Amino acid sequence: MNEAIVEVVDLHKSFGELEVLKGIDMSVRRGEVVCIIGPSGSGKSTLLRCVNFLEEPNAGRIVVNGFEVTDPDVDIDRARRGIGMVFQAFNLFGHLSVLENLTIAQRKVLKRDRAEADAVARKNLEKVGLAEKAGAMPAQLSGGQQQRAAIARALSMDPAVMLFDEPTSALDPELVGDVLSVMRQLAEEGMTMLVVTHEMQFAREVADKVLFMDDGGIVEEGPPAQVIGEPRQQRTKGFLARVLNPTHVPVTGAET
Amino acid sequence: MAMSRRKRAQAFRNAQYAVLVLGIVAVGVLADWDTILQAFFNVDAAARQIPAIFTTALVNTVIYTTLGFGLGLGVGLVLALMKLSSVAPYRWIATVYIEFFRGVPALLVFIALGFGVPLAFNIRFEIYSTAAIALGLVGSAYIAETLRAGIQAVPKGQVEAARSLGMSPGRTNLTVVIPQAFRIILPPLTNELILLTKDSSLIYLLGLTRDEYELAKFGREGLNATNSLTPILLAGLCYLLITIPLGHLSRYLEGRAGRKQEQGLKVTA
Ligand SMILES: Nc1ncnc2c1ncn2[C@@H]1O[C@H](COP(=O)(O)OP(=O)(O)OP(=O)(O)O)[C@@H](O)[C@H]1O
Ligand SMILES: [Mg+2]
């Protein structure tokens, strides 16, 4: 079996009084695609943000790509170079062109020279189908194009693992497909990916493993055919019923 | 009698023009034009102001304002960073400073600095230092708030994206936050500069030598010398020479920032 790129052990995270993660254990192996599904507020984003230390866990241990990010003495900036992050809101740098968005961290963080950074950036823009948009400003792109540029930006750092936090949730329905197909292609190329998503079809077809989270814990995990196809836990079944067939859910309270 | 909407609008507009014409005629007939022209548009009095009103007064006003604005910008930046600090006492100190200097009249600051401090501590600054410090104190409080608001207006996601790419906090500020905050801050900062230009007139309180005259004092001396309002009008026009271009610049920058913002909002929507 491949080595674990992401290893999370007994992770706890609270915001003030509110305990959001109540002891999470999980791992992502090299080349694996792991999808996290679950209802709103269950702690999916918080888990993902703990993995690259955008949120500071209260307890537990997280090792990513050989860096123990929860170690107070770790060089977190160095650890983050190996962790690509894609946000729901894209977060492209608004004052920089698409190409500059892709080169700025390569040059300032990885100290690549301009020619090399440009070459890497253009290769990745090509990969996400935005080669001709290198000179555009982010505001001139559609949401789907922005998200693909954001993916290319993360890829330009040659990360060992990519984290996606609901990358298509902010997109108009007709733009979702482009972004998903880029992610699909990445998975096929063997990229290690940890993806929070509501796209069940994507999870079913691309994921090696699906985690169902509810109320700060992992309720059920396994291959997608099991977790999405034949869920064992009542809470998973309920969630999937609501997500896959939203119009056929009885109004809560009406069933009693 | 019922009027159509168009007729009513027409009648209302006609009434307004009638009042306007009446007013102009009344002023034309009743005003003492000789006296007014003599007071405001006295060519002899004007001639005596030139060129010193430009070469001394206007130049000094610009110098005092620039010095004050420069100092205000420096102190304001420190205050803004203090207000954004995670160390609470820094925030308190900055808040007290800002509330104090935003709340007290600039006049009081000038009196304190020009007369109070020399008396109490037996020191005397030369005029350019006094002007810079007084204007700097007054300006820094407003500038600090402008800078803080600008820095905070940069979405948190921008910082998170930069940190996720492995940028250090300092690098993030330098390459992502400050350039974007700058665009937001520029228009209100230009307005601060206009306000400070006008506040620089208070320097005349401090007692100036001829070479140190700024526009207000220069106009005042001109009034004494010529017994005419013309020097005051000239001084006023000189202020407009500074403030109107700055105002246009501010609006231009604002329009540009607004368009940027709009595009930015479209992005995050
Ligand atoms: N910075 C924060 N401060 C306080 N509470 C927070 C913060 N971030 C998240 N929370 C709370 O933590 C809980 C979990 O949030 P999280 O964003 O991880 O959920 P999620 O599973 O990603 O939900 P969604 O599907 O809506 O994105 C929520 O109740 C949320 O209100
Ligand atoms: Mg979320």
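Residues numbered from 1 in each chain as written. Chains lettered and ligands numbered in written order. Predicted model: local features only at pLDDT ≥ 70, side-chain atom pairs only at ≥ 80, totals over all residues. Heavy atoms only, no water.

1. Overview of the site of ligand 1
Residues and elements named next belong to chain A.
Okay, step 1: For ligand 1, the set of nearby residues contains 13 residues, the closest of which are Ser40, Gly41, Lys44, Ser45 and Thr46.
Okay, step 2: The backbone of serine 42 places a nitrogen or oxygen atom 3.2 Å from an oxygen atom of ligand 1.
Okay, step 3: Glycine 43 places a polar main-chain atom, nitrogen or oxygen, 3.0 Å from an oxygen atom of ligand 1.
Okay, step 4: Here ligand 1, which alone exposes 640 Å², has 60% of that area covered by the protein.
Okay, step 5: Of all the secondary structure elements, the ones that give two or more residues to the shell around ligand 1 are strand S2 (18-29) and helix H1 (44-51).
Okay, step 6: Across the shell around ligand 1, the residue classes tally to 4 nonpolar, 7 polar and 2 charged. (Near = heavy atom within 4 Å. Polar contact = N/O pair within 3.5 Å; in protein donor to acceptor, adjacent residues only side chain to side chain. Areas by Shrake-Rupley, 256 points an atom, 1.4 Å probe, with all protein chains shown as cover. Helix = DSSP H or I, 4+ residues; strand = E, 2+ residues; numbered from the N terminus. Nonpolar A, V, L, I, M, F, W, Y, C, P; charged D, E, K, R; others polar.)

2. A closer look at the state of the cysteines
All names here are of chain A.
Okay, step 1: For the structure on display, the rule yields 0 disulfides over all chains.
Okay, step 2: The thiol sulfur of cysteine 35 is not disulfide-bonded, and the nearest other cysteine sulfur, from cysteine 50, lies at 19 Å.
Okay, step 3: Judged by relative accessible area, which is 0%, cysteine 35 ranks as buried.
Okay, step 4: Overall, the relative accessible area of 0% leaves cysteine 50 in the buried class. (Disulfide = S-S within 2.5 Å. Buried < 20%, exposed > 50% of the residue type's maximum accessible area, 1.4 Å probe, protein only.)

3. As for unusual backbone geometry
Okay, step 1: Across the junction of Ile50(B) and Pro51(B), the peptide omega takes the value 5°, indicating a cis bond.
Okay, step 2: Unusually for a residue other than glycine, Glu166(A) sits at a positive phi of about 40°.
Okay, step 3: In this fold, Glu166(A) is placed in the loop between strand S7 (161-165) and helix H6 (173-188).
Okay, step 4: Looking at Glu166(A), the relative accessible area reads 12%, which means it is buried.

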